[in-house]
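Below, each chain spelled out in residue letters.
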Amino acid sequence: MTTDVPLYSSPRSYYRDSVAVELAPCFPLNSDTRADVCVIGGGITGCSAALHLAERGHSVVLLEASEIGYGASGRSGGQILPGLGTDIATVEHALGNTAAREIWEMSREAVRLTADLVARHAIPCDLSWGYLHAAVKARHIKELCDFRDRLARDYDYQALSWLEGDALREHVVSNAYPGALYESEAGHLHPLNYTLGLARAAQQAGVRIHEQSAVLDVEEGSPARVRTAHGCVTADFVVVAGNAYLGGLIPWLDGRIMRAANYMVATAPLDEAQVAQVLPQNDALSDANFVLDYYRLSGDRRLIYGGEVSYDGREPRSLQARMDAKIARLFPVLAGVPIDYRWGGDVAITFNRAPDFGRLGTNLYYAQGYSGHGMALAGLAGKLMAEAIDGQSARFDTFAAMPHRRFPGGERLRTPLLVLATAFYKLRDRL
Ligand SMILES: Cc1cc2nc3c(=O)[nH]c(=O)nc-3n(C[C@H](O)[C@H](O)[C@H](O)COP(=O)(O)OP(=O)(O)OC[C@H]3O[C@@H](n4cnc5c(N)ncnc54)[C@H](O)[C@@H]3O)c2cc1C
């Protein structure tokens, strides 16, 4: 039995211990340099932006404060989903039906783009298809079926089908769910290897990546100056891709997102009989609660399970016991299977849970706030920023038109207000 269980604060995770992609050395920036574009942040958003910009012929420097995939991209549940972190109705209300349709179609494109990047750059990340939106309560059944019908009717989206009883047990062997929507156009992958694969492709396209190179200051202007402790990048354009990890670097962006911690575990590898009693078709699953649980199998057949949330930076009380109890309740057959890894990561959520894309001035672009739904969208965001910097900004602007409210209460009250709101939704999840 493995007993090596690192603390949540540890940078170690199952993903770090199963890296399959090697980068060329990414030495810290230690001199001044010039580039067409400076990208801040080495997650999926930043790596995709850098790759697509380089493919369009731009010289690009990418600065990462820690190491590639250090943020959410290297810690995520790895579920690749169309749609947004909010219901598409939120977009309809804000932007009208035509823009909502364009955004929905782009979210599907984000999923296809992920598959295309994995194939084109031979990224070893165990990409696999099939996804379940599982009802936990009777009211979820109606909500999910309405969701399927609306997408079929208004968006001609036919990839969702309802499963229950034996048909559902062919996909997930648990008594926890009265039914689920099966989605064929969604799937899952090893998020860190995917992110590293994008970084490797970017390097091969000519991007200069510097790790351990935290940006300390951005002097806006044409050109802009992006400073680290030991160097400065002078660039015509800046892409800000720090998401929840950006801190206060660009104060204007700060109040537009809230940082929320999410937690993951990986069990020891399951044997064939256990796999057959858990997720026999290798689908990913998330339940329909507001504070949701989600899981999938890794390439080496561990259960990768995520759930629980913290908005105040403190680890939730009895986190370990709660997560272990949930797994035991879902899959009694896993009793005694050790948990090999535990880790956490930060999600950036916006007030309306739609992603926040935009520009400051004429030459600083940003994409953030995917609200727990960024694995596919972040790749597209990078591509759209590359298009926009190249003068084709229509698709980027469709997303950027989405209005966003700042979190109320300012720096001091923002977190308590959100904790209160989440407590309400948690209570609702129990009803
Ligand atoms: C536990 C967890 C589970 C998740 N599960 C899913 C899921 O199953 N499906 C899904 O769609 N989404 C999921 N998400 C969300 C998804 O992972 C993110 O939306 C996505 O990875 C965001 O990518 P990003 O590149 O924008 O940000 P990040 O991956 O967070 O990258 C930001 C990077 O910027 C760097 N940075 C910050 N500031 C600076 C600076 N000043 N200088 C230089 N570098 C800087 C950071 O070090 C970091 O590496 C999950 C997130 C978490 C935390």
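Bear in mind the structure is a predicted one, so any value in this text is a computation, not a measurement. (Residues numbered from 1 in each chain as written. Predicted model: local features only at pLDDT ≥ 70, side-chain atom pairs only at ≥ 80, totals over all residues.)

Chemist: Could you give me a rundown of the overall build of the protein chain, with the residues and numbers involved?
Modeler: Within the protein chain, the secondary structure is distributed over twelve helices and 17 strands. Each principal axis of the C-alpha distribution contributes one length, and for the protein chain these read about 60 × 50 × 45 Å. Taken over 431 residues, the protein chain has a buried fraction of 49%. Expressed as a percentage of contacts within the protein chain between residues at least 6 apart in sequence, the contacts between residues at least 24 apart total 76%. (Helix = DSSP H or I, 4+ residues; strand = E, 2+ residues; numbered from the N terminus. Buried ≥ 20, exposed ≤ 12 C-beta atoms within 10 Å, placed from the backbone. Contact = placed C-beta atoms within 7 Å.)

Chemist: Please provide a residue-by-residue account of the site of the ligand, values included.
Modeler: Near the ligand you find 43 residues, and of these Gly41, Gly43, Gly71, Gly77 and Gly374 are the closest. Elements with a contribution of two residues or more to the shell around the ligand: helix H1 (44-55), strand S11 (258-267) and strand S15 (339-349). A class-by-class count of the residues in the shell around the ligand yields 20 nonpolar, 20 polar and three charged. (Near = placed C-beta within 6 Å. Nonpolar A, V, L, I, M, F, W, Y, C, P; charged D, E, K, R; others polar.)

Chemist: So what about the pairing of strand S6 (residues 179-188)? Which residues, and what values?
Modeler: Along a regular strand, successive side chains alternate from one face of the sheet to the other. Of all the ten residues making up S6, seven are buried; the element is thus mostly covered by neighbouring parts of the structure. Where strand S3 (residues 79-80) and S6 come together, two bridges link them in antiparallel fashion. Following the sheet pairing, Gln79 is matched in S6 by His188. Here seven bridges tie strand S4 (residues 128-135) to S6, and the two strands are oriented antiparallel to one another. Bridge pairing in S6 places Trp129 opposite Gly187. Where strand S5 (residues 160-163) lies against S6, four bridges are found, and the strand directions are antiparallel. Among the inter-strand pairings, Ser161 is bridged to a residue of S6, identified as Tyr182. (Pairing = 2+ DSSP bridges.)

Chemist: Residue-level account of the UniProt feature "domain: FAD dependent oxidoreductase" (unreviewed entry) in the protein chain, with values.
Modeler: Those residues carrying the UniProt feature "domain: FAD dependent oxidoreductase" (unreviewed entry) are residues 36-387 in this numbering. End C-alpha atoms of residues 36-387 are separated by 14 Å, and the span's content is 32% helix alongside 28% strand. (UniProt positions renumbered as here; feature names shortened; annotations may be inferred.)

Chemist: Lay out helix H4 (residues 138-155) in plain terms, naming residues and giving numbers.
Modeler: Every α-helix carries 3.6 residues per turn, so stepping three or four residues along brings you back to the same face. With 18 residues, H4 extends 26 Å between its outermost C-alpha atoms, agreeing within 8% with the 26 Å of an ideal straight helix rising 1.5 Å per residue. For H4, the set of buried residues is His140, Arg148 and Leu151. Angularly, the buried residues of H4 cover 75° about the axis, an arc narrow enough to put them on a single face. The exposed residues of H4 that point more than 90 degrees off its buried face are Ala138, Arg139, Lys142, Asp146, Asp149 and Arg153. At its buried positions, H4 is contacted by S4, S5 and S6. Positive backbone phi, approximately 50°, marks Asp156, located one or two places after H4. (Expected span 1.5 Å × (residues − 1). Arc of directions from axis to C-beta.)

Chemist: Requested: an account of helix H9 (residues 319-330), with residues and values cited.
Modeler: Between its terminal C-alpha atoms H9 stretches 17 Å, which fits the 16 Å expected from twelve residues at 1.5 Å a residue. Looking at the buried side of H9, the elements it contacts are S11 and strand S14 (303-310).

Chemist: Please give an account of the confidence of the model for the protein chain that cites residues and values.
Modeler: Counting all residues, the mean pLDDT for the protein chain is 92, and 92% of those residues have values of 70 or more. Confidence drops under a pLDDT of 50 for residues 1-8, and excluding neighbours within four residues, the segment shows 13 contacts in the predicted structure. (pLDDT = per-residue confidence, 0-100.)

Chemist: Outline the nonpolar core, listing residues and values.
Modeler: Soluble globular proteins tend to bury their nonpolar side chains together. If you look at the biggest cluster of nonpolar residues, it comprises 133 residues, and the most contacted ones within it are Cys38, Ala50, Ala202, Val239 and Met385. Not counting residues within four places of it along the chain, the set of residues in contact with Cys38 comprises Val61, Leu63, Val226, Val233, Ala235 and Val238. (Core = buried A, V, L, I, M, F, W, Y, C linked by C-beta atoms within 7 Å.)

Chemist: Residues and numbers for the pairing of strand S9 (residues 224-227), please.
Modeler: Looking at chain direction, strand S8 (residues 217-219) and S9 are connected through three bridges and run antiparallel. Looking across to S9, one finds that Glu219 is bridged to Arg225. Where S9 and strand S10 (residues 232-240) come together, four bridges link them in antiparallel fashion. Across the sheet, the residue bridging to Val226 is Val233, located in S10.

Chemist: Break down the packing of H1 against helix H10 (residues 377-389) for me, with residues and values.
Modeler: Interaxial distance between H1 and H10 falls to 7 Å at its minimum, and their mutual angle equals 40°. Taken as axis vectors, H1 and H10 run oblique relative to one another. As H1 runs across H10, the sense of the crossing is right-handed. For the pair H1 and H10, the contacting residues are Ile44, Thr45, Gly46, Ser48, Ala49, His52 and Leu53 in the first and Ala378, Gly379, Ala381, Gly382, Lys383, Met385, Ala386 and Ile389 in the second. Its residues placed into classes, the contact of H1 with H10 shows eight nonpolar, six polar and one charged. (Axes fitted to C-alpha atoms, helices over the stretch in contact; angles between N-to-C directions. Parallel < 35°, antiparallel > 145°, perpendicular 65-115°, else oblique. Left-handed = near helix turned anticlockwise from the far one by under 90°.)

Chemist: Which residues make up the environment of Pro191, and what values do they have?
Modeler: Relative to the helices and strands, Pro191 resides in helix H6 (residues 191-204). The contacts of Pro191, once residues within four sequence positions are left out, are Tyr15, Ser73, Gly74, Ser76, Gly78 and Met375.

Chemist: So what about the packing of helix H3 (residues 97-120) against H10? Which residues, and what values?
Modeler: Remark: H3 packs on H10, axes separated minimally by 8 Å, with the N-to-C direction vectors making an angle of 95°. Taken as axis vectors, H3 and H10 run roughly perpendicular relative to one another. Contacts from Met106, Ser107, Glu109, Ala110, Leu113, Thr114 and Leu117 of H3 reach H10 at Leu377, Gly379, Leu380 and Lys383. Of the residues that constitute the contact of H3 with H10, the class distribution is six nonpolar, three polar and two charged.

Chemist: Which residues make up unusual backbone geometry, and what are the values?
Modeler: Cis geometry marks the peptide bond from Ser222 to Pro223, where omega comes out at 0°. With respect to the element layout, Pro223 can be found in the loop between S8 and S9. Phi at Asp156 takes a positive value of approximately 50°, unusual for a residue other than glycine. In this structure, Asp156 sits in the loop between H4 and S5. In this structure, Arg353 takes a positive phi of about 65° despite not being glycine. Relative to the assigned elements, Arg353 resides in the loop between S15 and strand S16 (356-360). Residue classification places Arg353 among the partly exposed residues on the basis of 16 C-beta atoms within 10 Å.

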